[in-house]
Structures are given as C-alpha cells and as structure tokens.
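Take a look at the letters that make up each chain.
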Amino acid sequence: MEKIWANSGDSHFLEPDELWQENLPPRLAELVPRSEKDPDGEWETVHIDGMSFRRKLPTGRNAEFLEATHRAPGARDVAKRIVDLDGEGIWAELTFPSLGMWSSTFRTPEVLREAVKVSNDWAWETIHGHSARLVPTAQVSTLDIGDAVTELERVAEMGYRAVFLPVTPHPLQQDYNQDIWEPFWTAAERANMVLAFHIGTDPVDLSKGNHGEVKYRGPGGAVLNYTETTFGGQRAVMKMVASGALDRHPALRVLVSEGGATWVPFVADRMEEGYRQHAMAVRPKLKRSPKEIIYSQVYASFQHDESAVAAFTAMGYRNVLWGSDYPHMEGTFGHTQETLRHLFGGVPDEVRHRITVGAFTELFPDVPPLPAAA
C-alpha cells in the first residue's frame, strides 16, 4: 500500500554518555545526570546534581520494551535515524533531548547553564547539521531567567526555532504565570521561537528519595502513573493563558508534545467559563477570550489517540499535530503506517494533511517540503 507520509511533533534523541564529561570541567561534569547499574543488573543508582536515588530496573516484558527502545537503530545514530524515518514514512520531526527531561530537577544554576550550552551546540551540529528534516529543541535554564534569555538569544542566532521547557520550572524558581518570566516570553516572541513543552517533565525532589516515576501504587498503578504525566502540559498552558502571557505576546506559539489534543477544547471551554462567570475576581483582564488565545496560539501533539482527530473535525480545534514519540516504547516505531491508516482511514484529505503535515510546517516553515512522490 502507498505510504501515508507525516511530520512528527515529538521524538527524542539519546545524547552520547560522554558528552558532558568531555566538554565540561570535572567539577560540573560529575553533577550532570548519569546512572550506575549494580553488578547483578537488578538495580541502578541515578545521580543528578549531587542528589541520588535508586530504582529497580525493569524485568520481563518491561525489560524487553526498554531494550527495544535503546536498540532502535536511530536512537543514538543520526544517519540510521533517517533510514528509520524513511522506513516509517516520517518526513520531518521535532527532536527533544534526554538531558532536558531532567532539567527541572537541577538545583545548581551554573551546572544547568553550562550543560545546556554543551547540549545545544552538540544537537545543532549533530542533529540539524545532518539533515534539515530534523528540528532539534534547544534547552535553557529554568533556574535563572537571565541565563535562559541569554541562551535563547544565542541559539536563535544559531538557527534554532524551538526551545524545550519542562511543564513546571524548578521549585526554586517562580512558576510560569509570574511576571518574572516576562523577559523570556518577550525574547522568545522576538526570536520567533516555538515554546515546546513536553509532558512528564515536572520537577522531582530527589533529596527525598522520590524519582518522580511512581505516584500511584497498587491496583491500576501503571495506567494511573502513565496518565498522570499528561496533566502537566495542560497546566502549563492554563498558566500562560490566565496570566496574560500569551495575550501580551500574540505571535508566541506553544506546543505541548505527547499529551494528546482533545484536552485543548475542554480546557479552553473551562477557562472561558471561569473568565466569564467569575469576571469580578479575574486579574489580569485579557484583550482576547481564553478560547481565542488557546485556539490560535496553542498546538498539541498525539500519537495513538483516536479522539485527537475528532478535536479537529468535531470541535474546531485546528492546531493538532501527530507525533511518533520515536524511539520510546509509548511511540509508533515499527507500526507507524498501521497507526496512521487506523487514525486517518475515511478522514478527509484536507484534515489528514493538516494534522500530519500542515500544522507542523506552520510552526517550522524552514523544513524541506515533502518530496512530490510523498
């Protein structure tokens, strides 16, 4: 059957283990995330910024899934990645870092500031430098707004068009609805930089031995923990809308990756109701309604959700992107075409094109167009 070609609004790249050790002073390199497996292979100790926690490694079927993720040919090799994408029918993709998944857990500003510089230089040269089909997300510190603005402006000059943000900044920093972030929003809008939030990136307090991966235990725990990760992206959008950040910066665009899309119309309606019914208490006043702001400036990616297409066709929310989540176990690697045919069978061509290609290229117009054959 003819391939359905798509752009992906969510993927990940595994940085080399030695990247920071080779490019940072030893006193800083030892604070960047690293893991040490026990000799018996059953447990590992994860170290981050002077904090540590132990966790039991997956066994049985979970171990097989994890091994398959790290065995995906292009997880670490950019040349093999292009081969994987061609095989799956993915033309272009937004790539998130691995260090970035821990960025809101750092507590030492100098370490985070210098580590993200190394990571950003490496990603631009290695990922984007290999192919313009790959759109890396830059990283910035959420511990120091000045550091964040400086790095954003530096990577914008390099050519970056997306910056990764954890869904919640570190507890040592004020949250996204506070005015302290205004210089960063201004710089991002000026640089035409997409704010790319990725779910599952809430801060983790390692000092208490909690590594953030287990919130619920007992019956249903696996499904509860997986579902819980989606809510942070929704809260990030709510903060930026209610605080007026997006209203003050109408050219600023936000992408929430891997969190689905159907939540967007619901949150928009809920915020609209709150803004209207509690108008006497609402501050700040917005020039546009919450729903108008969300529908025009917020984008959302999904991988398997059948309801995401209905968010477009039945709810009028057009900023829906598909994403593969390559190479993670939650993603579509190995069955991308099967997934796309299931999602878009019987869907009008213009809807399918908007979700699989159009919304992505609206955010990242510099990506080469799909070849005519695709």
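Summarised in this report is the structure supplied together with it. Since the model is a prediction, treat every value here as computed from it, not as a measurement. (Residues numbered from 1 in each chain as written. Predicted model: local features only at pLDDT ≥ 70, side-chain atom pairs only at ≥ 80, totals over all residues. Heavy atoms only, no water.)

We now examine the nonpolar core. If you look at the biggest cluster of nonpolar residues, it comprises 85 residues, and the most contacted ones within it are Phe184, Trp185, Leu195, Phe197 and Ile294. Top element by residues in this core is helix H5 (residues 109–128). It accounts for nine residues. Residue contacts for Phe184: discarding those within four places in its chain leaves Val140, Ile145, Ala148, Val149, Leu152, Val163, Leu165 and Leu195. In this structure, Trp5, Trp91, Leu94 and Ala359 belong to the second largest nonpolar core, which totals 18 residues. (Core = buried A, V, L, I, M, F, W, Y, C linked by side-chain atoms within 4.5 Å. Buried < 20%, exposed > 50% of the residue type's maximum accessible area, 1.4 Å probe, protein only. Helix = DSSP H or I, 4+ residues; strand = E, 2+ residues; numbered from the N terminus. Contact = heavy atoms within 4.5 Å.)

It is worth spelling out the packing of aromatic side chains at this point. Counted by the stated rule, this structure contains 13 aromatic pairs. Ring centres 5.5 Å apart and planes at 70° place the aromatic pair Tyr176 and Phe197 in the edge-to-face group. Separated by 21 residues along the polypeptide, Tyr176 in the loop between strand S8 (162–166) and helix H7 (182–190) and Phe197 in strand S9 (residues 194–198) bring together distant segments of the chain. The burial state of Tyr176 is the same as that of Phe197; both residues are buried. Taken together, the ring pairs in this structure connect Tyr176, Trp181, Phe184, Trp185 and Phe197 into an aromatic cluster. Over the ring of Trp91 we find Arg133; its NZ or CZ atom is 4.1 Å from the centre of that ring. (Phe/Tyr/Trp six-rings, centres within 6.5 Å; stacked < 30°, edge-to-face > 60°. Lys NZ or Arg CZ within 6 Å of the ring centre and 35° of its normal.)

This paragraph deals with the pairing of strand S2 (residues 34–37). Here four bridges tie S2 to strand S3 (residues 43–48), and the two strands are oriented antiparallel to one another. Within S3, the position partnered with Lys37 by the bridge is Glu44. The turn linking S2 back onto S3 is made up of five residues, and Gly41 within it adopts a positive phi angle of 75°. (Pairing = 2+ DSSP bridges.)

So, about helix H14 (residues 336–344). Working note: α-helix, 3.6 residues per turn, so residues spaced by three or four point in the same direction. Residues of H14 that are buried include every one of Thr336, Gln337, Thr339, Leu340, Leu343 and Phe344, and no others. Angular distribution of buried residues about the axis of H14 spans 160°; they occupy a single face of the element. Turned more than 90 degrees away from the buried face of H14 sit Glu338 and His342, all of them exposed. Immediately downstream of H14, the backbone of Gly346 shows phi near 80°, a positive value. (Arc of directions from axis to C-beta.)

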